[in-house]
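Structure at a glance
These are the residues of each chain, in order.
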Amino acid sequence: MSFRRPAAPRPQLTHRQINRLMPFTGAPLFHTLQLLATGDSARFHMPGHKGEPIFSTYAEIFAIDFTETYGTGNLYLGDGPIRDAEVAAARYFGADDCFFLTGGSTQGILSMLASAVGEGGSVLLDRECHKSVCHACALLDITPYFIEAPLVEPFGISGALDAQKAARLLDAHPEIRAVLLTSPTYYGVRRDIAAFSRVCRARGRQLLVDSAHGAHFPALGLATPTMDGADIAVLSAHKTLPCMGQGAVLLCSGDVDRARLRENTALFGTSSPSYPIMASIDLARAYMEGQGRAAYMRAAGVCADLRRFVQDYTCFSALSPGQYPALDPCRLTVCTAGTDVTGHQLADMLWSEAGVACEMADDRNAVFILTGADTGGTVRRLRRALCRIARRRQTGPLPPPAAPLPPAERVMPVRQAWFSRMRSVAPGDAAGMVCARPVTPYPPGVPLLWPGEKITRAHIELIRERWYNGIEEIHVVIPD
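A brief report on the enclosed structure follows. (Residues numbered from 1 in each chain as written. Predicted model: local features only at pLDDT ≥ 70, side-chain atom pairs only at ≥ 80, totals over all residues. Heavy atoms only, no water.)

1. Quick look at the nonpolar core
Rule in force here: The term nonpolar core refers to a set of buried residues drawn from Ala, Val, Leu, Ile, Met, Phe, Trp, Tyr and Cys, joined through side-chain atoms within 4.5 Å. Accessibility here uses a 1.4 Å probe with only protein chains present; expressed as a share of the type maximum, an area under 20% marks a residue as buried, one over 50% as exposed, and anything in between as partly exposed. Strands here mean DSSP runs of E at least two residues long; helices mean DSSP runs of H or I at least four residues long; both are numbered from the N terminus. In what follows, a contact means two residues having at least one pair of non-hydrogen atoms within 4.5 Å.
With 86 residues, the main nonpolar core has Phe 100, Leu 207 and Leu 332 as its most contacted residues. Considering every element that reaches this core, the biggest residue donor is helix H11 (residues 275-289), with nine residues. Setting aside residues up to four positions removed in sequence, Leu 207 forms contacts with Val 179, Leu 181, Ile 193, Phe 196, Ser 197, Cys 200, Ala 230, Asp 231 and Ile 232.

Laid out in structure tokens, this is it:
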């Protein structure tokens, strides 16, 4: 006679439990998934957890983690509750259409470049573009042209891009099909999207915007790129909104071929998009339309207070509207220039002494993201830590202006350099060689050198100056 241990009763996720995050306006995709999770069904489809609380930490996530099945909709077909959620997001972000992404802004950048530029085309880029733009150029054999901005001192970061300079480059290179800008930048600098839109429309070019760090702007009364005239823009909901990692949205205007754009999101995305990620985009948008707006307005006020505090009560300086007028109201950039520490060292001290983690740091700055999720306790912790560290610092004259990016000569297409045979060399031995992989000593993912560009002594010196802990090797093309 065999005995079987009675099965433990399955913990039932009640409507109240799952709905505890929803005291605000409706989120159609999330609500559909919650109803399916609490309904009476037997799930003989993916994912393998079948919605069961195998791991208690993920119980509520597993419950709404579905695949394309009855009632869930299909992301790449654009139907069902997913489409309802996308339409709601398009309305909120001021776009004619919106496509959800579960591969972050990288998926959106690849998709919009494939749509607007295509294979073998040319694009005019903000030099501070993300390395995923470089990846798109390698995959699609796109030729990049660059426009750079003067630096804002003593921060050593790029400021305003000149739309008229872009106009002259577009007139000189009729083969350029689109312009791609980064706004806001990692440091919170916002570009004049409306001015670039006028330049592009007058010349029949499309304007693309990587606004990965700007998904919170509508809550602050600021325009999204599509509101300012961009044709396509990508926003990372997960970077500044209460959304799961990799959640992003791709916005477009009415002049864009939407079917082609949706098709390209499938080309560069997984065929199994995460329903919890998509539901979190839906929830985040609903939250921002409701109580989130007040929370983010408070965060902007806290950020303004922190800027004044840093400026008045520490030896550091904060990037403020006085240095650059168009800033992200929720981005705090603290500059250490004129003190005996670098931005990297300040970041390490904050972490080791106070458990405060910044978003990023470079040789002169540490950058902090403020959102509606920050509490008074965490803000006070940051404030006290900055004050305590500042008391131990020695001050001196400001350093000389930061060196701009050295000009780079393109001697090989990005695609050819990427797929050529390559080897690794020490930085000191790389001068005169051709770069095979992006060299990124700048904010996360912003290349100093692109594949196919010739490496000079000036590049090597700048790499040594800016790369934290040093760089041990550079990948270069092996000549045929």
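Now that the structure has been shown, we can carry on.
2. Section: the environment of Ser 115
In plain terms, the rule: Two N or O atoms form a polar contact when they lie within 3.5 Å of each other; inside protein one atom must be a possible hydrogen donor and the other a possible acceptor, and for residues adjacent in sequence the pair counts only when both atoms belong to side chains.
Tracing the chain through its elements places Ser 115 in helix H5 (residues 104-116). In this structure, the C-alpha to C-alpha distance between Ser 115 and Leu 261, residues 146 residues apart in sequence, is 5.8 Å. Setting aside residues no more than four positions away along its own chain, Ser 115 makes contact with Arg 260, Leu 261 and Asn 264. Here Ser 111 takes part through its backbone oxygen, which lies 3.0 Å from a polar atom of the side chain of Ser 115.

3. What to know about the pattern of salt bridges
Inclusion rule: By definition, a salt bridge exists where a carboxyl oxygen of Asp or Glu is found within 4 Å of a side-chain nitrogen of Lys or Arg.
This model, assessed by the stated rule, comprises 17 salt bridges. A salt bridge links Asp 255 to Arg 201; the shortest N-O distance between them is 3.5 Å. Within this pair, whereas Asp 255 is found in the loop between strand E9 (248-252) and helix H10 (258-267), its partner Arg 201 is found in helix H8 (residues 193-202), the two being separated by 54 residues in sequence. By relative accessible area, which is 61% here, Asp 255 ends up exposed. On the basis of relative accessibility, which here comes to 43%, the residue Arg 201 falls in the partly exposed class. For Arg 285, the salt bridge identified is with Asp 282, shortest N-O distance 2.9 Å. Of this pair, Arg 285 and Asp 282 both sit in helix H11, three residues apart, roughly one helical turn. Members of the salt-bridge network, linked through shared partners, are Arg 83, Glu 86, Asp 97, Arg 258 and Arg 262.

4. Here we look at a positive patch on the surface
Selection criterion: Patch members must show over 30% relative accessible area and no salt bridge, and they are joined within 9 Å when carrying like charges or within 5 Å when they are nonpolar side chains of Val, Leu, Ile, Met, Phe, Trp or Tyr. Here the accessible surface of atoms and residues is derived via Shrake-Rupley with a 1.4 Å probe, and residues count as covered only by protein chains that are part of the display. The charge count includes Lys and Arg as positive and Asp and Glu as negative, but it does not include His or the ends of the chains. For charged residues, the charge sits on one atom: NZ in Lys, CZ in Arg, CG in Asp, CD in Glu.
A surface patch of like charges, here positive, comprises Arg 380, Arg 381, Arg 384, Arg 388 and Arg 391. Arg 391 sits in the exposed class, given a relative accessible area of 65%.

5. A short note on the sheet that holds strand E10 (residues 317-318)
The cut-off we apply is this: Should DSSP find at least two bridges between two strands, the strands are taken to pair. Here, axes are lines fitted to C-alpha atoms. For helices the fit covers the stretch in contact, and angles between N-to-C directions go from 0 to 180 degrees.
The sheet built from four strands is open, its strands ordered E10-E11-E13-E12 with antiparallel pairing. On the outer flanks of this sheet lie E10 and strand E12 (360-361), each paired with one strand and no other. Here E12 runs beside strand E13 (residues 365-369); their pairing, made up of two bridges, is antiparallel. By the bridge assignment, Met 360 is partnered in E13 with Val 367. Running at roughly 10° to strand E11 (residues 331-335), helix H12 (residues 292-313) makes contact with E10 and E11 of the sheet.

6. Some thoughts on the side chain of Thr 224
Position of Thr 224 relative to the elements: it lies in the loop between strand E7 (206-210) and strand E8 (232-235). Its relative accessible area of 1% is what places Thr 224 among the buried residues. Of note is the side chain of Thr 224, whose polar atom sits 2.7 Å from the backbone oxygen of Phe 93. In this structure Thr 224 touches Phe 93, Gly 94 and Pro 218, once residues within four positions along its chain are discounted.

7. A word on H11
Residues lying three or four places apart along an α-helix face the same way, a consequence of the helix completing one turn every 3.6 residues. So the rule is basically this: In a helix, the anticipated span is given by 1.5 Å times the number of residues less one.
Compared with the 21 Å implied by 1.5 Å per residue over 15 residues, the 21 Å span of H11 between its first and last C-alpha is a close match. Counting buried residues along H11, 14 of its 15 residues qualify, which places the element largely inside the surrounding structure.

8. Section: the pairing of strand E1 (residues 97-101)
Among the five residues in E1, five count as buried, and that is most of the element. Every second residue of E1 is oriented toward a common face, with Asp 97, Phe 99 and Leu 101 on one face and Cys 98 and Phe 100 on the other, all of them buried. Note: E1 against E9, five bridges, orientation antiparallel. If you follow Phe 100 over to E9, its bridge partner there is Val 249.

9. Here we look at the sheet that holds strand E3 (residues 143-147)
Adjacent strands of a sheet form backbone hydrogen bonds with each other and so pair up, either parallel or antiparallel. The strand order across the open sheet formed by seven strands is E1-E9-E8-E7-E6-E2-E3, and the pairing between neighbours is mixed. Two strands lie at the open edges of the sheet, namely E1 and E3, each paired on one side alone. Going from strand to strand, the sheet's axes swing by 20° on average, the running direction of each strand aside. As paired elements, strand E6 (residues 176-182) and E7 share five bridges and run parallel to each other. Bridging from a neighbouring strand, Leu 181 pairs with Val 209 of E7. Sheet strands in contact with H10 are E1, E8 and E9, and its direction is about 5° off that of E1.

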